[in-house]
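An overview of the molecular structure
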Amino acid sequence: MTVEQNVLQQHSQKHQQTLLNQLREVTGTTDVQLLQQALQASNGDLAEAVAFLTEKNAKVPQQDEATYYQTAQVNNDRYISVGSQADTNVIDLTGDDKDDLQRAIALSLEESNRAFRETGITDEEQAISRWVLEASIAENKASLKRTHTEVWSDSPNPHDRKRQENCPVGLKNVGNTCWFSAVIQSLFNLLEFQRLVLHYSPPARMQDLPRNQKEHRNLPFMQELRCLFSLLVGSKRKYVDPSRAVEILKDAFKSSESQQQDVSEFTHKLLDWLEDAFQIKAEEDREGEKPKNPMVDLFYGRFLAVGVLEGKKFENTEMFGQYPLQVNGFKDLHECLEAAMIEGEIESLHSAENSAKSGQEHWFTELPPVLTFELSRFEFNQTLGRPEKIHNKLEFPSMLYMDRYMDRNRDITRIKREEIRRLKEHLTVLQQRLERYLSYGSGPKRFPLADVLQYAMEFASSKPVCTSPVEDIDTTAPPGCFCAWTTAQGSSRMHLSHPSQQRVSIHKPFTQSRVPPDLPMHPAPRHITEEELRVLEGCLHRWRSEVENDTRDLQASISRIHRTIELMYSDKSMMQAPYRLHAVLVHEGQANAGHYWAYIFDPHQQRWMKYNDISVTKSSWEELVRDSFGGYRNASAYCLMYIDDKKPFLIEEEFDKETGQMLSGLDKLPPDLKEYVEADNKLFEREMEEWDALQARKLQQEKLALAAASVAPQPMTAPQHDPEYMEQQSPTGDSKHLQEDTERAISKAAAEHDEKSPEVLLNTAMKVEYTRLLRFAQEDTPPERDYRLLHIIVYFIHNQAPKKIVERTLLMQFADRNLGFDERCKSIMKVARAKLELIKPDEVNMEEYEMWHQDYRKFRDTTVFLLIGLELFLKKSYVESLMYLIYAYQYNKELLAKGPYRGHDEELIAHYRRECLLKVNEHAAALFETGEETKVNAGLSIMNELVVACIPLLLVDEMEEKDMVAVEDMRNRWCSYLGQEMEPNLQEKLTDFLPKLLDCSTEIKSFHDPPKLPSYSTLELCERYGRVMTSLTLSRTPADGR
């Protein structure tokens, strides 16, 4: 047999075994002959094979435990479902001919298969689950016809898409391809893997027609991956487009671009393709030697399955790639690994006696340089007939020591495991004893015993405070009802001389309804001697001390045992296989839809980076923990990538052999890729040049238009333009209001001075006006009265504007050409204009002056946005209100960045922006729930155009917990529909929409232009603002504070 025939036979066996494994996990049938019969009858079609076995189910007896464990013996591939191969053949979890949804369901069933066997499901439950699975496969086959997903468009300005210095390059999401970005970025940042891909040279025969389907697919993909990696290395773009590589993957997955893929599934496929591509090259270059595949060397390891079946021991060496771990029921990664390494009843493994029990252990004999764990966070819900995500918290370390799982440490690990088991048993006993102290009592409510004793001691020592009973006793009571009070010997306590006699109630009309006179005001003992109290207090105090000591001892013992368990593997001999966390792939969402991103460690900058499609940002271990451990929102780690810390070549940069300098940028690329990237960079530079030229032409046209406008005749009395909020063409609105204030100041100045010279009057009037405005600025006003809106000078005083800016602004007020018609005002106006002309450029920085006035214009615009937004919100016009509140917040945030009094209360605007967004989300969800096509489309349109576009604005500042909770609530509302029955067209629309909603990128991809604002006079603006703020204050909402 030729080498080529041998390879083909191996791959055929590999594919056949993969289908058997998948069919076994999906249906629960472990009879190999029956599985082979089903595959033959269906010609390899998995759906038909499932149907075949479903029909046969009633006739096939359930397999016993012994038959199940036979699959672990030599020459059997039960454990190859780990995503591995037996010796030389890596067996993939997913076959090329398998439908997309079938694979997802198979994986979900595989992940929960062990739990099902342990609990034991009935024949009827198995039949139901298979029927549900068949229906699900058929339904999802029909849903594969998807509409093209809407993709965010690039910014028209190429400078927005320019890479900043040496910042990592992102990957564009070209339609639910966040899974692609997360995996590719994780692998690209493995520098050894990056070098292997970049320096891969296609086989010589690639120029000819490919010999088979794999070559026809894998070699072009490898070439596209090289090009993509080269752009990630040397592109001048902020992010690059992976469409060409994704197109090849789409064909292999047999699904449309709008359907999301599973990270582990894609990683299996990717490594399988890369392995095949390097295998082709290795066979061409082997020159008689056994070909070495760098992908296998990098990502695949071996483990030894040591088992006992009915007293007979066996060992079987197998290969693995990505190692799957169950999450449910475990608190950290080591617990997951311990459970994955032991299966069945392992006591018989260590016993010399023959036993009918069966079990097996896994021991790693060879770990790969890159160790990848799949965290199985999906389980198939038998009741609902669909997979569900597990959101449980699972901790994992940044440094993982694998020594305890190595075959070379088998004996010492078994000893330590036995010691840990013994310690945990003792720990359980101690915790039960401690619980009796901490939850004491026999009723439904229980309390710490030390507290119970303390309460009893406090009760015993309490003194009774009650009304005197003397007034209720009638001393003339007849004989037989007489009760004499005497003093007990040696005690001040009062008691009855005839305890057998009961006191008769005496009817008193005005006191009969009062509280019984001898009832204490607070709980306290009625009858207790000092001696009794002393004895009781002594006992209670001693018992409480004993209980507290016992509790402390138990807690200390429990802490010591926990510490002993934690340090069980901390000796140097068990810390010789360190693996450092390289990347964490995170999934947010539910089982049916979600968003992926990656945290990747940069060893050179010693920091974590967050790769979220086109966005690449600095991160931290704290952020990674929050998003990856689970239990917080719907985000959790789905895949962990560790690298051997003793193999620095995995992340070491490449150095020039001649100069010894580190290679970077284009110098890292081979000649063909360097030429490719340079050509793309030139295209991008040309795009930026064309943009700059276009903007220059627009600017020139604007300058010409302004020049043409300046040539037009101008009134002689207007040498310069006043700000729009200080000048109007007619004495109405703001100008009239401002004019009245100015004339009032002039009149007051004239009354104070006998001298009537215009210059003296001007100076005095300016001081009068400034004093008035200063008083406004210093006044402590309620939220509904904001004097900053009344006058620009008040705003300037609040924000400590330079004195020259304030003086010039005030002078502009008195230079208004609309100022009065009497001679006194006209003369003062002329003096003010003359003073303005005499101000030299070096006395007042006009750029700074204009900047302050622009800020005030923005403050008024912010107020108008806020005013209209709040008015619409109070009218429950939430859709119309949202954009006003969004822009109010954005403008206000820019103002507050310059000073705390530049804008309005940020918390207030954030509150109503958030509430409005939640209301809009509810409205859109209600439209979707109607099921009517027009309303459904309207609801999704609202979500896409408003809510989805606004979510990044809430996620930008991750310190605002309330905004993040609101975003999570909105996402959960839509994700809740995944488990509900609905029409196929609604399911299709929901599937297309959810990835955009679950996108965690903070990149502002597209947004509406700000609404056009109406023009309000100052008095009208102040009045409306005061009215709406009063309404909010009455509603007890956050108030505006300055």
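The shown structure was predicted, so the numbers you read here are calculated from the model rather than taken from an experiment.

**Notes on the overall build of the chain**
A count of helices and strands for the chain gives 30 helices and 20 strands. In the chain, which comprises 1042 residues, the proportion classed as buried is 49%. Pairs at least 24 residues apart make up 73% of the contacts formed inside the chain by residues separated by at least 6 positions. When the accessible surface of the chain is split by element, carbon and sulfur atoms take 52% of a total near 52600 Å².

**Considering the packing of helix H27 (residues 933–955) against helix H28 (residues 961–975)**
At a minimum axis separation of 10 Å, H27 and H28 run at an interaxial angle of 150°. Accordingly, the angle class assigned to the pair H27 and H28 is roughly antiparallel. In the packing of H27 onto H28, the handedness of the crossing is left-handed. In this structure, H27 contributes Leu940, Met943, Val947, Ile951, Leu954 and Leu955 to the contact, and H28 contributes Asp963, Val967, Met970, Arg971 and Trp974.

**Digging into the pairing of strand E20 (residues 635–644)**
For E20, the buried fraction is high: 10 of the 10 residues fall into the buried class. Inspection of the sheet shows strand E10 (residues 370–376) paired to E20 by five bridges, in the antiparallel sense. Along E20, the bridge assignment pairs Glu374 with Cys639.

**Overview of the nonpolar core**
Ranked by size, the top nonpolar core spans 97 residues in total, and within it Phe796, Phe814, Leu882 and Trp974 carry the most contacts. Sequence-distant contacts of Phe796, defined by excluding residues within four places in its chain, comprise Ala801, Ile805, Val806, Thr809, Trp852 and His853. Listed in part, the 65 residues of the second largest apolar core include Val183, Leu225, Leu270 and Ile651.

**What to know about the packing of helix H26 (residues 906–930) against H28**
Remark: H26 packs on H28, axes separated minimally by 10 Å, with the N-to-C direction vectors making an angle of 0°. As judged from the angle between their axes, H26 and H28 are roughly parallel. From H26, Ala910, Arg913, Arg914, Leu917, Leu918, Asn921, Glu922, Ala924, Ala925, Phe928 and Glu929 reach across to H28, where they touch Lys962, Asp963, Ala966, Met970, Arg973 and Trp974. For the contact of H26 with H28, the class distribution of residues is nine nonpolar, one polar and seven charged.

**Overview of helix H15 (residues 449–460)**
A rise of 1.5 Å per residue sets the reference length of H15, with its 12 residues, at 16 Å; its end C-alpha atoms lie 17 Å apart and thus fit the reference within 8%. Every buried residue of H15 is listed here: Leu449, Ala450, Leu453, Met457 and Ala460. Taken down its axis, H15 places every buried residue within 105° of arc, on the same side. In this structure, the buried residues of H15 make contact with helix H14 (410–438) and helix H16 (530–566).

**As for the side chain of Ser235**
If you trace the backbone, Ser235 turns up in the loop between helix H9 (213–234) and strand E4 (239–240). We classify Ser235 as buried; its relative accessible area is 2%. Other than its neighbours up to four places away in sequence, Ser235 contacts Arg163, Val169, Ser230, Val240, Val677, Asp680 and Asn681.

**Here's the deal with the packing of aromatic side chains**
This structure, assessed with the given rule, holds 32 aromatic pairs. Aromatic side chains Phe193 and Phe229 sit 6.0 Å apart centroid to centroid with 65° between the ring planes, which places their arrangement in the edge-to-face category. With a gap of 36 residues between them, Phe193 in helix H8 (residues 191–198) and Phe229 in helix H9 connect regions that are remote in the sequence. Judged by relative accessible area, Phe193 falls into the buried class, the value being 1%. Arranged with centres 6.1 Å apart and planes meeting at 70°, the rings of Phe373 and Tyr642 form a pair that is edge-to-face. With Phe373 in strand E10 and Tyr642 in strand E20, the pair connects residues that are 269 residues apart, well separated along the chain. Residue classification places Phe373 among the buried residues on the basis of a relative accessible area of 0%. Classification of Tyr642 by relative accessible area gives buried; the value is 0%. Three or more aromatic residues joined by ring pairs make a cluster, and in this case those are Phe396, Phe601, Trp608, Trp621 and Phe629. Over the ring of Tyr569 we find Lys416; its NZ or CZ atom is 6.0 Å from the centre of that ring. Between the NZ or CZ atom of Arg808 and the centre of the ring of Tyr849, over which it lies, the distance is 5.2 Å.

Conventions and cut-offs
Residues numbered from 1 in each chain as written. Predicted model: local features only at pLDDT ≥ 70, side-chain atom pairs only at ≥ 80, totals over all residues. Heavy atoms only, no water. Helix = DSSP H or I, 4+ residues; strand = E, 2+ residues; numbered from the N terminus. Buried < 20%, exposed > 50% of the residue type's maximum accessible area, 1.4 Å probe, protein only. Contact = heavy atoms within 4.5 Å. Areas by Shrake-Rupley, 256 points an atom, 1.4 Å probe, with all protein chains shown as cover. Axes fitted to C-alpha atoms, helices over the stretch in contact; angles between N-to-C directions. Parallel < 35°, antiparallel > 145°, perpendicular 65-115°, else oblique. Left-handed = near helix turned anticlockwise from the far one by under 90°. Pairing = 2+ DSSP bridges. Core = buried A, V, L, I, M, F, W, Y, C linked by side-chain atoms within 4.5 Å. Nonpolar A, V, L, I, M, F, W, Y, C, P; charged D, E, K, R; others polar. Expected span 1.5 Å × (residues − 1). Arc of directions from axis to C-beta. Phe/Tyr/Trp six-rings, centres within 6.5 Å; stacked < 30°, edge-to-face > 60°. Lys NZ or Arg CZ within 6 Å of the ring centre and 35° of its normal.

All quantities given are derived from atomic positions and should not be read as evidence of function.
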